[in-house]
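Chain by chain, the residues run as shown.
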Amino acid sequence: MSNTHFQLVSQRFADLATKNPKPQGNAFGRLVRVAGGRLEVSGLKAGIGARCQIDREGMTPLNAEVIGFEGERLLLACEDTTAGVVPSALVRVETISDQVSVGDALLGRIVDGAGRPLDRKPLVLDECYPLRGKTLNPLDRSAISEPLDTGVRALNALLTIGIGQRVGLFAGSGIGKSTLLGMITRFSNADVVVVSLVGERGREVKEFVEDSLGQDGLKRAVVVATPADTSPLMRVSGCWRATAIAEYYRDQGLNVLLLMDSITRFAQAQRELSLSAGEPPVSKGYTPSVFSMIPNLIERAGIVGRGSITAIYTVLVEGDDLQDPIADLARASLDGHVVLSRQMADAGVYPAIDIEKSVSRSMLQITEQKHQDQARVFRELYATYEQNKDLISLGAYRQGSDNKIDSSIACREPIMEFLRQPVDTSTDFASDLVALQNFADAVDSGIESPSSSSLSQEIMPAQA
């Protein structure tokens, strides 16, 4: 056998060993305690993250994962309910769970947190990627230098997102997070879209696939769905799996758009696992591991080599409180945040993006000075009106007292028209810049005696 042939055979066996890692430690043990979602096993030795199976009477074995240990006992979290589990049930180690099956066959498919197809069609994958990724050298990352066309006018013109940027979408419940994500999914110019739906209602998963994505959108997308009725382990694994799938396509030189709805439910699921493992809570019931895992998850996105992952994470703020621990951590870890306003949503403005509270930290690096100046004028007019809204609505402000307030009042309707966009209507980056240019020109020409109707007439044709 030639040396080259021997090397090829050796590499083949090495690849098989990677895809089918052997169990570590003792392969069998017994279930000795079940308390809520926490399972304790004795007589079994396996590393953190090892996947196990627990025998059940008259049912298929229960899949579980090692999340910790106390003394000689292993602590497990299960993928499903513990129905049918009996004392001293046999527990066996199947494999370690740090590998995710990936491949081009994933495009157009919908899988759960364990990688099982939800569309009941066969799925054959021939490659593996680490579930929790590898730590990247900061010097291997490329700078963000190009804008991403999201197909949403307010984002393209006023909060420009760059290819490889990580952005948070902050909002309370029922304001339109999922609707905005659906628009970005359909209208963006990304090569591949990976969607992670975490803790959503089961009905919303099908609606998102059929209505938001559609048949054409699904062809270039992969959906990882872990609804609210799945276990915390499945919800956490779904987020890691979606990120690993995005990394696979990025390594092929593609521009990937990763949408995760929501990172708050990822944190809540991880909190459940950590508390069941005995970890103490530190802030609003969240454990220390939650605050370390979120940055680890976010840092896997970005530009590496020829490909990129542009990530948008929704952050559910309870009671519209932006100072929530998870919201505060996400805002500090991400490259920008888009805040949705309940007041705007109640007024019928969709997408309800609060320009005053939102920011894209990469916009200065990927846009021209002229674009930045025009966006700054827009934001100043918007902010001026918001800061004086009470005086204006009560009639306490007298026109002519302040030129900036006068201009903000005249521009209020054109600003709202600029921000509004039908759910089924897309825009492109070039036309959005033209619309912003028309707005700035209209403001300049009418600044001495501004008229809301005249400004709207000058701007609206560019939006058609």
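Residues numbered from 1 in each chain as written. Predicted model: local features only at pLDDT ≥ 70, side-chain atom pairs only at ≥ 80, totals over all residues. Heavy atoms only, no water.

K.L.:
I tried to follow empty space enclosed by the protein on my own but got confused; where do I start?
P.N.:
On inspection of all chains with the given rule, the structure shows two cavities of 30 Å³ or more. Considering the residues around the largest cavity, the lining is formed by Ile175, Gly176, Thr179, Leu180, Met183, Leu340, Tyr350, Pro351, Ala352, Gln421 and Val423. Taken together, the residues of the lining of the largest cavity sort by class into eight nonpolar, three polar and no charged. If you add up the space inside the second largest cavity, you get close to 40 Å³. Counting only elements with at least two residues in the lining of the second largest cavity, the list comes to strand E10 (166-171) and helix H3 (177-187). For the lining of the second largest cavity, the per-class residue count stands at eight nonpolar, no polar and no charged. (1 Å grid on protein atoms, 1.4 Å probe; cavity = no way out; pocket = protein on both sides within 12 Å on 5 of 7 lines; lining within 4 Å. Points joined across faces, edges and corners; volume = space filled by probe spheres on them. Nonpolar A, V, L, I, M, F, W, Y, C, P; charged D, E, K, R; others polar. Helix = DSSP H or I, 4+ residues; strand = E, 2+ residues; numbered from the N terminus.)

K.L.:
I tried to follow unusual backbone geometry on my own but got confused; where do I start?
P.N.:
For residues other than glycine, phi is negative in most cases, and the peptide bonds are mostly trans. The omega torsion of the bond from Asp261 to Ser262 falls at 5 degrees, within 30 degrees of zero and hence cis. Residue placement: Ser262 occurs in the loop between strand E13 (255-261) and helix H6 (263-276). The backbone of Ser88 sits at a positive phi, close to 65 degrees, despite the residue not being glycine. Looking at the element boundaries, Ser88 is found in the loop between strand E5 (73-78) and strand E6 (90-96). Even without being a glycine, Arg120 presents a positive backbone phi close to 60 degrees. Position of Arg120 among the secondary structure elements: in the loop between strand E8 (110-111) and strand E9 (127-130).

K.L.:
Would you mind showing me how to read the nonpolar core here?
P.N.:
Most often, soluble globular proteins have nonpolar side chains that are buried together. Of all hydrophobic cores here, the largest spans 56 residues; its most connected members are Leu158, Ile353, Ile415 and Leu419. With residues up to four places along the chain from it excluded, the contact list for Ile353 reads Ala154, Leu155, Leu159, Leu180, Val338, Val339, Leu340, Met344, Ser358, Tyr382 and Leu419. Formed by 49 residues, the second largest nonpolar core is a distinct cluster that contains Val236, Cys239, Ala244 and Leu297. (Core = buried A, V, L, I, M, F, W, Y, C linked by side-chain atoms within 4.5 Å. Buried < 20%, exposed > 50% of the residue type's maximum accessible area, 1.4 Å probe, protein only. Contact = heavy atoms within 4.5 Å.)

K.L.:
Is there a simple way to explain the side chain of Ser196 in this structure?
P.N.:
Secondary-structure assignment places Ser196 in strand E11 (residues 192-198). Owing to a relative accessible area of 0%, Ser196 belongs among the buried residues under this scheme. Contacts of Ser196, omitting those with residues within four sequence positions, involve Val224, Gly238, Cys239, Ala242, Leu259, Met260 and Asp261.

K.L.:
In this structure, what is going on with the packing of helix H11 (residues 369-387) against helix H13 (residues 403-410)? I would like to understand it.
P.N.:
Two elements in contact, H11 and H13, have axes separated by 8 Å at closest approach and are oriented at 100 degrees. By the criterion of interaxial angle, the relationship of H11 to H13 is roughly perpendicular. Facing H11, whose interface residues are Leu381, Thr384 and Tyr385, H13 presents Lys404, Ile405, Ser407, Ser408 and Ile409. Of the residues contributing to the contact of H11 with H13, the split by class is four nonpolar, three polar and one charged. (Axes fitted to C-alpha atoms, helices over the stretch in contact; angles between N-to-C directions. Parallel < 35°, antiparallel > 145°, perpendicular 65-115°, else oblique.)

K.L.:
Please explain the environment of Val256 as it appears in this structure.
P.N.:
Structurally, the position occupied by Val256 is in strand E13. C-alpha of Val256 to C-alpha of Ser308: the two residues are 52 residues apart in sequence and 5.9 Å apart in space. Each residue touching Val256, except ones within four places of it in the same chain, is listed here: Val192, Val194, Ala246, Tyr249, Arg250, Ser308, Ile309 and Thr310.

K.L.:
What should I look at first to understand the pairing of E13 in this one?
P.N.:
Along a regular strand, successive side chains alternate from one face of the sheet to the other. With six of seven residues buried, E13 lies mostly within the body of the structure. Judged from the six bridges that link them, E11 and E13 form a sheet pairing that is parallel. For Val195, the partnering residue across the bridge sits in E13 and is Leu259. In the sheet, E13 pairs with strand E15 (residues 307-316) via six bridges, with the strands oriented parallel. Counted as the bridge partner of Leu259 is Ile312 from E15. (Pairing = 2+ DSSP bridges.)

K.L.:
Is there a simple way to think about the environment of Gly71 in this case?
P.N.:
Relative to the elements of secondary structure, Gly71 occurs in the loop between strand E4 (59-70) and E5. It is 9.7 Å that separates the C-alpha atoms of Gly71 and Ser42, two residues lying 29 residues apart in sequence.

K.L.:
Got a minute to help me understand the packing of aromatic side chains in this structure?
P.N.:
Any pair of aromatic rings gets described here by the distance separating the centres and the angle formed by the planes. For the coordinates displayed, the defined rule picks out seven aromatic pairs. Centre to centre, the rings of Tyr129 and Tyr248 are 5.7 Å apart; their planes meet at 85 degrees, and the pair counts as edge-to-face. Of this pair, Tyr129 sits in strand E9 while Tyr248 sits in helix H5 (residues 232-250), and the two are 119 residues apart along the sequence. Each member of the pair, Tyr129 as well as Tyr248, is classed as buried. Plain terms: the ring middles of Tyr286 and Phe291 are 6.3 Å apart, the flat faces sit at 75 degrees to each other, and that makes the pair edge-to-face. According to the relative accessible area criterion, Tyr286 is buried, its value standing at 2%. (Phe/Tyr/Trp six-rings, centres within 6.5 Å; stacked < 30°, edge-to-face > 60°.)

K.L.:
Mind showing me how you'd approach the pairing of E10 here?
P.N.:
Within E10, six of the six residues are buried, which leaves it mostly tucked inside the rest of the structure. Along E10, one buried face is formed by Arg166, Gly168 and Phe170 and the opposite face, lined by Val167, Leu169 and Ala171, is buried too. With six bridges joining them, E10 and E15 adopt parallel strand pairing. Along E15, the bridge assignment pairs Arg166 with Ala311. Here E10 runs beside strand E16 (residues 336-339); their pairing, made up of three bridges, is parallel.

K.L.:
When you look at the packing of H5 against H6 in this model, what are you seeing that I'm missing?
P.N.:
Think of two packed helices as two axes; the pair is described by the angle between the axes and how far apart they sit. At a minimum axis separation of 8 Å, H5 and H6 run at an interaxial angle of 130 degrees. By the criterion of interaxial angle, the relationship of H5 to H6 is oblique. When the axes of H5 and H6 are compared, the crossing they make is left-handed. In contact with Pro232, Leu233, Arg235, Val236, Cys239 and Trp240 of H5, H6 contributes Phe266, Ala269, Gln270, Glu272 and Leu273. (Left-handed = near helix turned anticlockwise from the far one by under 90°.)

K.L.:
Whenever I open this one, helix H14 (residues 412-419) confuses me. Can you help?
P.N.:
Counting buried positions along H14 gives six out of eight residues, so the element sits mostly inside the fold. All of the buried residues in H14 are Arg412, Pro414, Ile415, Met416, Phe418 and Leu419.

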